[in-house]
Amino acid sequence: MTSNRTDCHYCLQSLRGRKYALREENAYCVTCYDSLFANPCEECKQPIECDSKDLAYKGRHWHEGCFKCAKCSRSLVEKPFAAKDELLLCTECYSDEYSSKCFHCQRTIMPGSRKMEFKGSSWHESCFVCQYCRQPLGTKPLITKDNENYCVPCFEKQFAHHCYSCKKVITSGGVSYHDQPWHKECFVCAGCKTQLSGQRFISKDEYPYCVDCFSKLYAKKCAACKKPITAPEGAKFISFEERQWHGECFNCAKCCVSLVGQGFLTRQDDILCHECGCA
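Please read all numbers here as calculations on a predicted model, not as lab measurements.

Trainee: Could you give an account of the overall build of the chain, with specific residues and numbers?
Mentor: Along the backbone of the chain there are 5 helices and 20 strands. The C-alpha extent of the chain, read off along each of the three principal axes, is 155 × 35 × 35 Å. In the chain, which comprises 279 residues, the share counted as buried stands at 30%. Taking all contacts inside the chain whose residues are at least 6 apart in sequence as the whole, residues at least 24 apart take part in 10%. Summed over all atoms, the accessible surface of the chain reaches about 18800 Å², with 47% contributed by carbon and sulfur.

See the structure below:
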């Protein structure tokens, strides 16, 4: 540019009819301005003269012709770019070198696009969807089965077990009884409704009963001690003419010797060993 300013602020030579540059309202001839204020180019290390365009990024400067991708050398002027280890790269080169690959489609997740992270893998937002309804999962709760992701409603529809008692979904745990799934809190004694999960129980007509209820409702009474005979684990008992005894109660009524596996005689309601019965 030309000016009527009289002298260069630094060398004091006349600026009449000459180009000059302004800095903080002071005029400088081109030579003085370049030597005093021109930034060195990051690429070619030469000063960026006042006649040249100075492109700056994070405190560093380039000539317009030097502002290019460090890998493919294409110009980055007015184009998107990324920085890695102080190198400037076009988005294509940056993606090839450093960008994540989508776990689903295996394509590059371009810089600036939204990336979803799940179980150590990266996904395009548009690829991170429920396998069944194809709706985006985003940050919603999800369940993974066979390496596929499902939103909770779809997983429950497709795979979850429903309680045999209340018909609601079993989300965790549960009990299997007669090949049917039950919530732990729904698996209760058919008599007193006490929870049976982890407890001993006895089946009757496809219903579970705690030992106490089964004894009260169905167990036969021992002819000797009159207490219920329960056999939740297949314990042995003795039966004779519609009467039953606990194994430990099946004794001679007179001498109390055990008659289990022995011959015995009966006298009215008593059972006797041969010695007592013949006496």
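Trainee: Which residues make up the pairing of strand β4 (residues 60-63), and what values do they have?
Mentor: Residues R60 and W62 point to one face of β4 and H61 and H63 to the other, with burial holding for every one of them. Hairpin remark: strand β3 (residues 54-57) followed by β4, antiparallel, with 2 residues in the connecting loop; positive phi at K58, about 50 degrees.

Trainee: Which residues make up the domain arrangement of the chain, and what values do they have?
Mentor: Entries for the chain in the domain assignment read domain 1 (98-159), domain 2 (163-218) and domain 3 (234-278). Domain 1 and domain 3 are separated by 73 Å when their C-alpha centres are compared.

Trainee: Describe helix α1 (residues 30-37), listing the residues and the values that go with them.
Mentor: The periodicity of an α-helix, 3.6 residues per turn, causes residues three or four places apart in sequence to face the same way. Within α1 the residues assigned to the buried category are C32, Y33 and D34. Those residues of α1 that are buried are in contact with β1 (20-23) and β2 (26-29).

Trainee: For the UniProt feature "domain: LIM zinc-binding" (unreviewed entry) in the chain, give the residues involved together with the corresponding values.
Mentor: The UniProt record marks residues 39-99, 100-161 and 220-279 with the feature "domain: LIM zinc-binding" (unreviewed entry), using the residue numbering of this structure. The distance from the first to the last C-alpha atom of residues 39-99 is 33 Å, and the span holds 13% helix and 26% strand.

Trainee: Before we move on, can you summarise helix α2 (residues 91-98) with the specific residues and values?
Mentor: T91, C93, Y94 and S95 are the residues of α2 that are buried. Those residues of α2 that are buried are in contact with β5 (81-84) and β6 (87-90).

Trainee: Explain the nonpolar core to me, and be specific about the residues and the numbers.
Mentor: Soluble globular proteins tend to pack their nonpolar side chains together in the buried interior. By size, the foremost hydrophobic cluster in this structure holds 15 residues, and its most contacted members are W182, F187 and C189. The set of elements that each furnish at least two residues to this core consists of β11 (175-177), β14 (207-210) and α4 (211-217). At 3 residues, α4 tops the list of elements feeding residues into this core. If near-sequence neighbours (up to four positions away) are discounted, F187 is found in contact with V175, Y177, W182, T194, Q195, L196, S197, F201 and P208. One finds L76, L89, C93 and Y94 within the second-largest nonpolar core, a separate group that totals 14 residues.

Trainee: A description of the packing of aromatic side chains should follow, citing residues and the corresponding values.
Mentor: Evaluated as defined, the whole model comprises 20 aromatic pairs. Put simply, the rings of Y164, Y177, W182, F187 and F201 touch in pairs and so form one group of aromatic residues. The aromatic ring of F159 is capped on one face by K145, whose charged end is 5.2 Å from the ring centroid. Stacked on the ring of Y164, the Lys or Arg K167 has its end atom at 4.9 Å from the ring centre.

Trainee: For the pairing of β6, give the residues involved together with the corresponding values.
Mentor: As judged from the 4 bridges shared by β5 and β6, these two strands associate in the antiparallel manner. When the sheet's bridge partners are listed, A83 is paired in β6 with L88.

Trainee: Hey, could you go over the side chain of H124 for me, with residue numbers and the actual values?
Mentor: When you line up the elements, H124 lands in strand β8 (residues 121-124). With relative accessibility at 16%, the residue H124 sits in the buried group. Ignoring any residue separated from it by four or fewer positions in sequence, one finds H124 in contact with C102, C105, R107, T108, I109, R114 and M116.

Conventions used here
Residues numbered from 1 in each chain as written. Predicted model: local features only at pLDDT ≥ 70, side-chain atom pairs only at ≥ 80, totals over all residues. Heavy atoms only, no water. Helix = DSSP H or I, 4+ residues; strand = E, 2+ residues; numbered from the N terminus. Buried < 20%, exposed > 50% of the residue type's maximum accessible area, 1.4 Å probe, protein only. Contact = heavy atoms within 4.5 Å. Areas by Shrake-Rupley, 256 points an atom, 1.4 Å probe, with all protein chains shown as cover. Pairing = 2+ DSSP bridges. Domains from an automatic or database assignment. UniProt positions renumbered as here; feature names shortened; annotations may be inferred. Core = buried A, V, L, I, M, F, W, Y, C linked by side-chain atoms within 4.5 Å. Phe/Tyr/Trp six-rings, centres within 6.5 Å; stacked < 30°, edge-to-face > 60°. Lys NZ or Arg CZ within 6 Å of the ring centre and 35° of its normal.

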